[in-house]
Amino acid sequence: MSALDVEDFIQQNRAIADQVETHRGYWESEKHWEARREFILRNISDYEAEQLDPLLSLSMVWANNVFLGCRYSTELLEKVKEMAEGIVVVDAPVFKTRDEIMKKQQGR
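Per an unreviewed UniProt entry, the protein goes by CDKN2AIP N-terminal-like protein and derives from Xyrichtys novacula. In UniProt, the protein has this text filed under Sequence similarities (unreviewed entry): "Belongs to the CARF family."

In structure tokens form, the structure reads like this:
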């Protein structure tokens, strides 16, 4: 689903889009929210309307990993990356682990 596809979906499914908008966190930048909203919209059909909490949690895991560098179990990260396949985040931050930084420091 490209950005244009997301906008088309929103226009055609205004009630769902309005519901999804209520889940935006006040701390989320426009860039962060657009990516997380796309994640939710791509996967919302796999969840019952009354049971969106698991999807919202997974969207936060994905966004936290992409934008904040948070780490989670391999199994969980594989699941959210599969769910996010095709979502393009322009200028996503690049994070290094402590071990990567220490290795670079020791190589000097």
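Read on for the rest.
Trainee: Would you mind going over the confidence of the model for the protein in detail, with residue names and values included?
Mentor: In the predicted model, the protein carries a mean pLDDT of 85, and the fraction of residues at 70 or more is 89%. Taken element by element, the predicted model of the protein shows its lowest mean pLDDT in helix H1 (residues 3-12) (66) and its highest in helix H5 (residues 74-83) (97).

Trainee: Provide a residue-level description of helix H4 (residues 53-68), including the pertinent values.
Mentor: Compared with the 22 Å implied by 1.5 Å per residue over 16 residues, the 21 Å span of H4 between its first and last C-alpha is a close match. Of the positions making up H4, those classed as buried are Leu 55, Leu 56, Leu 58, Ser 59, Val 61, Trp 62, Ala 63, Asn 64, Asn 65, Val 66 and Phe 67. For H4, the elements touching its buried residues are helix H3 (30-43) and H5. Remark: Gly 69 follows H4 within two positions and exhibits a positive phi of approximately 80 degrees.

Trainee: Could you give an account of the packing of aromatic side chains, with specific residues and numbers?
Mentor: Overall, the coordinates contain 2 aromatic pairs when judged by the stated rule. Ring geometry for Tyr 26 against Trp 27: centres 5.2 Å apart, planes inclined by 85 degrees, an arrangement best described as edge-to-face. We classify Tyr 26 as exposed; its relative accessible area is 81%. When its relative accessible area of 52% is taken as the criterion, Trp 27 is described as exposed. Measuring from centroid to centroid gives 5.5 Å for Phe 39 and Trp 62, while their planes differ by 20 degrees, and the two rings are stacked. Separated by 23 residues along the polypeptide, Phe 39 in helix H3 and Trp 62 in helix H4 bring together distant segments of the chain.

Reading the values: the criteria
Residues numbered from 1 in each chain as written. Predicted model: local features only at pLDDT ≥ 70, side-chain atom pairs only at ≥ 80, totals over all residues. Heavy atoms only, no water. UniProt positions renumbered as here; feature names shortened; annotations may be inferred. pLDDT = per-residue confidence, 0-100. Helix = DSSP H or I, 4+ residues; strand = E, 2+ residues; numbered from the N terminus. Expected span 1.5 Å × (residues − 1). Buried < 20%, exposed > 50% of the residue type's maximum accessible area, 1.4 Å probe, protein only. Contact = heavy atoms within 4.5 Å. Phe/Tyr/Trp six-rings, centres within 6.5 Å; stacked < 30°, edge-to-face > 60°.

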